[in-house]
Amino acid sequence: MFSASQSSKAQFLDKARQAREERRELKERERAAVQVQALIRRFLCRCRLQREIRREVEDFFGANESSSSKRSALSVFRIARKLLFVFNHKEDKERFEKLCRCILSSMDVENEPKVWYVSLALSKDLTLLWIKQIKDILWFCCEFLKQLKPDILQDSRLVNLHLTMLVTFTDTSTWKILRGKGETLRPAMNHICANIMGHLNQKGFYSVLQILLTNGLARSRPSLSKGSLTAVFSLALRPVVAAQFSDNLLRSFLIHIMSVPAIMTHLATLTPERLAVIESHDLFRKFILFLSREAQCRDVCVCLEGSHTLCLLGNLVYLGSLNDKVLEEETAHFVGVLIHMLSYCQKYVSQKKSNLTHWHPVLGWFSQTVDYGLNESMPLLTKQLQHLWGVHMIRILFSDVLSKKLLENQEIAQLPTQPVSPQNSLPMKNLFKRAFQKSASVRNILKPVGGKRVDSAEVQKVCSICVLYQTTLTTLTQIRLQILTGLTYLDDLLPKLWAFICELGPQGGLKLFLECLNNDTEESKRLLAMLMLFCDCSRHLITILDDIEVYEEQISFKLEELVTISSFLNSFVFKMIWDGIVENARGETLELFHSVHGWLMVLYERDCRRRFAPEDHWLRKDLKPSVLFQELDKDKKRAQLLLQYIPHVIPHKNRVLLFRNMVTKEKEKLGLVETSSASPHVTHITIRRSRMLEDGYEQLRQLSQNAMKGVIRVKFVNDLGVDEAGIDQDGVFKEFLEEIIKKVFDPALNLFKTTSGDERLYPSPTSYIHENYLQLFEFVGKMLGKAVYEGIVVDVPFASFFLSQLLGHHHSIFYSSVDELPSLDSEFYKNLTSIKRYDGDISDLGLTLSYDEDVMGQLVCHELVPGGKTIPVTNENNASEVKGTQSVRFCRI
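Residues numbered from 1 in each chain as written. Predicted model: local features only at pLDDT ≥ 70, side-chain atom pairs only at ≥ 80, totals over all residues. Heavy atoms only, no water.

### Side note on the pattern of salt bridges
For side chains of opposite charge, pairing can occur when their charged atoms come near one another.
Piece 1. Inspection of the entire model under this criterion finds 38 salt bridges.
Piece 2. Close ionic contact of Arg453 with Asp455 constitutes a salt bridge, the shortest N to O distance being 2.7 Å.
Piece 3. Note on Asp455: relative accessible area 42%, which makes it partly exposed.
Piece 4. Across the pair Arg539 and Asp536 runs a salt bridge, and its minimum N-O distance is 3.6 Å. Separated by 3 residues within a single helix, Arg539 and Asp536 lie in helix α25 (residues 522–544), roughly one turn from each other. In terms of burial, Arg539 and Asp536 fall into one category: buried.
Piece 5. Within the structure, one salt-bridge network assembled from shared partners comprises Arg54, Glu58, Glu91, Asp92 and Arg95. (Salt bridge = Lys/Arg side-chain N within 4 Å of Asp/Glu carboxyl O. Buried < 20%, exposed > 50% of the residue type's maximum accessible area, 1.4 Å probe, protein only. Helix = DSSP H or I, 4+ residues; strand = E, 2+ residues; numbered from the N terminus.)

Here it is as structure tokens:
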């Protein structure tokens, strides 16, 4: 009984619970339906309201255009309020445009206070509402400016419209309401404008201007008009001036405006009066002083990253070139700022391509993200940067060095000086021609004398400038040669810089700089940067000068000075190697070594081609050959480096002896020397005298490297096939080697040719007529190598240009094929270089930009400039082809 009643009770409770849940779900559905209906009604109501408002706005602006200027300011305010209430960027673009035009037209009406839109600011009830409305309208103008493309005609017109709105309502100068008696209202109105500008700045006003300027200027041809650029720059400058150049706004101006690619160049071209405004506010000085504080400069660089930091740098350099007075007064701060910015970029400059690098047209491989949208503006940026190494700025920055006169040497002054050639009196229009202009000054031969304190203000200033240019060379890798050419433009800069170096320290010269290598101080690094810059520039200059300019005209450096400089460099490099500095060198120390060593080797190679230094000038008399041999036996690193970098400091006979010792040790190691317990492997070959070259080639070309180094016995067979009497004890092999070399270098074989004049050997351009000419060249190399290995002297006078190719000198960026041209054709070289000194119209020479070559009896004309006009030359001695080679020379520079 109880169980049945309990069961019915449970069923009753379940039914009650289910009923409650159904009622609750029903209520939820009803509430949801009501909410959905409300939302739909609200949406439909909103859409209806928006349609009505937009229809009302269209009706308002669709009225008679002639009466649009007479609409009251209050009616415009009310319709604007309605439009802003439903405003949508996509749907209301045209309506907003009409609103802006209506507002601007109301501001142009004469003597109609009730029409002027700005008059509502004087209404006690509407002032706050009007300020809020104009803030919203102006920010919507900014939003549109971010999206517009100035290179599109329609967008360009809208850009002008929105900029006009911003210009009009952020400054009271055009407000007609303030004329006459209204002048008393100007302070209050200025306060309102400042309030509006502050609101825009908080919303990101400078970012908007940066986007607009970049879209309009970061291209090969600017798409912003003069009026638009003037308006943008005026808008950008207003907050800075209003805030009395506060640090916060100067920072924003530098980050967003001054980092726009080549903006200063565009201002100078399109609206130069803006530059006058910059000068009147002394902005360049304020920029430099702001960035001279390390923390603020670092903050700006980090915000901009590499590409835009470089753009800011270019604009600052361009401004500096226009403000001589400020540049002279703030040289230290200017140089410090540029060093800091270049050093920031340098941290991300990479030596090679990788998955983490991007290509930059000026910096090379760069490990930060590169804005490829700036690539079109890189030529303009490069032109801005060129002012840094231009003559004008170099004269200002190096004024302390250039102002010093090189003392005249009385004994030299008594000698007749060479007259200045007529062409040197002509104005030089070309940068490269200017590098060749002769300096007619007669001066003392500068040697290290010392006497100038390295901690003096003058020395520190010059060192900082040298650090700037050295940092520029290592950062702007893709225009390095341009920078070096600019720094060598002035004939007297490098000699005077050398004179300055000679005066440093108590004794000057070598001792001071060697001490700097062992001192890891900022002062030492600056001094070494000066030496490094001097070496890089001097090496570049000597490379682009021909023999006449170096030996006869003695441009920049006199031969005696080159002797002094080479002696200093030779000792410096030797000390760096011998004192163990190079062994563990890294970073700046290694770069210094390569710089000094490079300059030294350029001088040494020039002296090898044509001597200017005295006998035994390059030898180190304090280096005993016996000590060097002992260290080499012990595999000392410094001895190996000495042979690798400066073998010329060791006398030639000692180098030959050292080589013979190395060969002997190698033979012993390979078991090629006969001993009491073993005999070396011997290779026997049979040679027919009538086919000596063919038999030698067939039997020796397949030998391995070790077999070629071993003993080779030769048996000669005469024309009748009978073996010749005699046993080869190296004498027969020597005869075979000499005969082989004589045959392969015979010009009749056409494997090698001889130069005109001194008849030096070089590979024949038509050697390809031999079917296996490459294998023959390889065979010739093996024979020469065997002769050197065995100590057999052979008379093979190679042309120096060919030896340079063998030694790999042509891989150097400072290698000049024109410098080697005299060893091929001295007459051709003479005609070529004479063009640089030709003082008439070059077109009078009838140059063809081509050269003729005798190819197997046929005269073939080669164009040196693609698409250039070539004229057949019938006289093979005609010198009218020389300009072509000159073109090659100048392209290399």
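### Things to note about the sheet that holds strand β2 (residues 358–360)
Piece 1. Spatially, 3 strands are ordered β1-β3-β2 in an open sheet, and the strand pairing comes out antiparallel. Of all strands in the sheet, those with a lone pairing partner are β1 (349–350) and β2, marking the two edges.
Piece 2. Bridge count between β2 and strand β3 (residues 364–366): 3 bridges; the pairing is antiparallel. Within β3, the position partnered with His358 by the bridge is Phe366. (Pairing = 2+ DSSP bridges.)

### Considering empty space enclosed by the protein
Piece 1. In this structure the tally under the stated criterion is 3 cavities of 30 Å³ or more.
Piece 2. Where the lining of the second largest cavity is concerned, the elements lending two or more residues are α23 (493–502) and α25.
Piece 3. By residue number, the principal contributor to the lining of the second largest cavity is α23, which donates 3 residues.
Piece 4. By residue class, the composition of the lining of the second largest cavity is 7 nonpolar, no polar and no charged. (1 Å grid on protein atoms, 1.4 Å probe; cavity = no way out; pocket = protein on both sides within 12 Å on 5 of 7 lines; lining within 4 Å. Points joined across faces, edges and corners; volume = space filled by probe spheres on them. Nonpolar A, V, L, I, M, F, W, Y, C, P; charged D, E, K, R; others polar.)

### Thoughts on a positive patch on the surface
Piece 1. Together, Arg20, Arg23, Arg24 and Lys27 make up a region of like positive charge exposed at the surface.
Piece 2. Relative to the assigned elements, Arg23 resides in helix α1 (residues 2–61).
Piece 3. Owing to a relative accessible area of 48%, Arg23 belongs among the partly exposed residues under this scheme. (Patch = residues over 30% accessible without salt bridge, like charges linked within 9 Å, V, L, I, M, F, W, Y side chains within 5 Å. Areas by Shrake-Rupley, 256 points an atom, 1.4 Å probe, with all protein chains shown as cover. Lys, Arg positive; Asp, Glu negative; His and termini not counted. Charge placed at Lys NZ, Arg CZ, Asp CG, Glu CD.)

### Focus: a nonpolar patch on the surface
Piece 1. A surface patch of nonpolar side chains, amounting to about 370 Å² of accessible area, comprises Val36, Ile40, Phe43 and Leu44.
Piece 2. Mapping Leu44 onto the fold places it in helix α1.
Piece 3. A relative accessible area of 47% places Leu44 in the partly exposed class.

### Re the packing of aromatic side chains
Piece 1. On inspection of all chains with the given rule, the structure shows 32 aromatic pairs.
Piece 2. On the basis of an interplanar angle of 40° and a centroid distance of 6.1 Å, the ring pair of Phe733 and Phe736 is categorised as tilted. With Phe733 and Phe736 both in helix α34 (residues 731–744), this residue pair falls 3 residues apart, about one helical turn. By the burial criterion, Phe733 is buried, and Phe736 matches it.
Piece 3. Ring pairing ties together the aromatic residues Trp498, Phe513, Phe534, Phe557, Phe568 and Phe572, which thus form one cluster.
Piece 4. One cation-aromatic arrangement involves Lys286 over Phe245; the distance from NZ or CZ to the ring centre is 4.7 Å.
Piece 5. Positioned over the ring face of Phe716 is Arg689, at 4.0 Å from the centre of the ring. (Phe/Tyr/Trp six-rings, centres within 6.5 Å; stacked < 30°, edge-to-face > 60°. Lys NZ or Arg CZ within 6 Å of the ring centre and 35° of its normal.)

### As for unusual backbone geometry
Piece 1. If you check the backbone angles, Phe245 has positive phi at about 60° while not being a glycine.
Piece 2. Structurally, the position occupied by Phe245 is in the loop between α8 (226–242) and α9 (247–256).
Piece 3. For Asp616, which is not glycine, the phi torsion reads 60° and is therefore positive.
Piece 4. Tracing the chain through its elements places Asp616 in the loop between α28 (587–609) and α29 (625–633).
Piece 5. Assessed through its relative accessible area of 45%, Asp616 is described here as partly exposed.

### Section: the packing of helix α4 (residues 127–147) against helix α6 (residues 186–203)
Piece 1. Between α4 and α6, the least distance of the axes is 10 Å, while the angle of their chain directions is 45°. Comparing their axes, α6 and α4 come out oblique. In the packing of α4 onto α6, the handedness of the crossing is right-handed. Seen from α4, the contacting residues are Trp130, Ile131, Ile134, Lys135, Leu138, Trp139 and Cys142; seen from α6, they are Ile192, Asn195, Ile196, His199, Leu200 and Lys203.
Piece 2. When grouped by side-chain class, the residues that make up the contact of α4 with α6 number 9 nonpolar, 2 polar and 2 charged. (Axes fitted to C-alpha atoms, helices over the stretch in contact; angles between N-to-C directions. Parallel < 35°, antiparallel > 145°, perpendicular 65-115°, else oblique. Left-handed = near helix turned anticlockwise from the far one by under 90°. Contact = heavy atoms within 4.5 Å.)

### Some details on helix α31 (residues 652–670)
Piece 1. Its 19 residues place the ends of α31 27 Å apart at the C-alpha level, agreeing with the 27 Å of an ideal helix rising 1.5 Å per residue.
Piece 2. Taken together, the buried positions of α31 are occupied by Asn654, Leu658, Val663 and Lys667.
Piece 3. Each element contacted by the buried residues of α31 is listed here: α29, α30 (637–645), α33 (705–709) and α35 (773–790). (Expected span 1.5 Å × (residues − 1).)

### Re the packing of helix α22 (residues 480–487) against α25
Piece 1. Interaxial distance between α22 and α25 falls to 9 Å at its minimum, and their mutual angle equals 90°. If you check the angle between α22 and α25, you find them roughly perpendicular. Packed against α22, whose contacting residues are Arg480, Leu481, Leu484, Thr485 and Leu487, the element α25 presents Leu533, Asp536, Cys537, Arg539 and His540 at the interface.
Piece 2. Looking at side-chain class alone, the contact of α22 with α25 contains 5 nonpolar, 2 polar and 3 charged residues.

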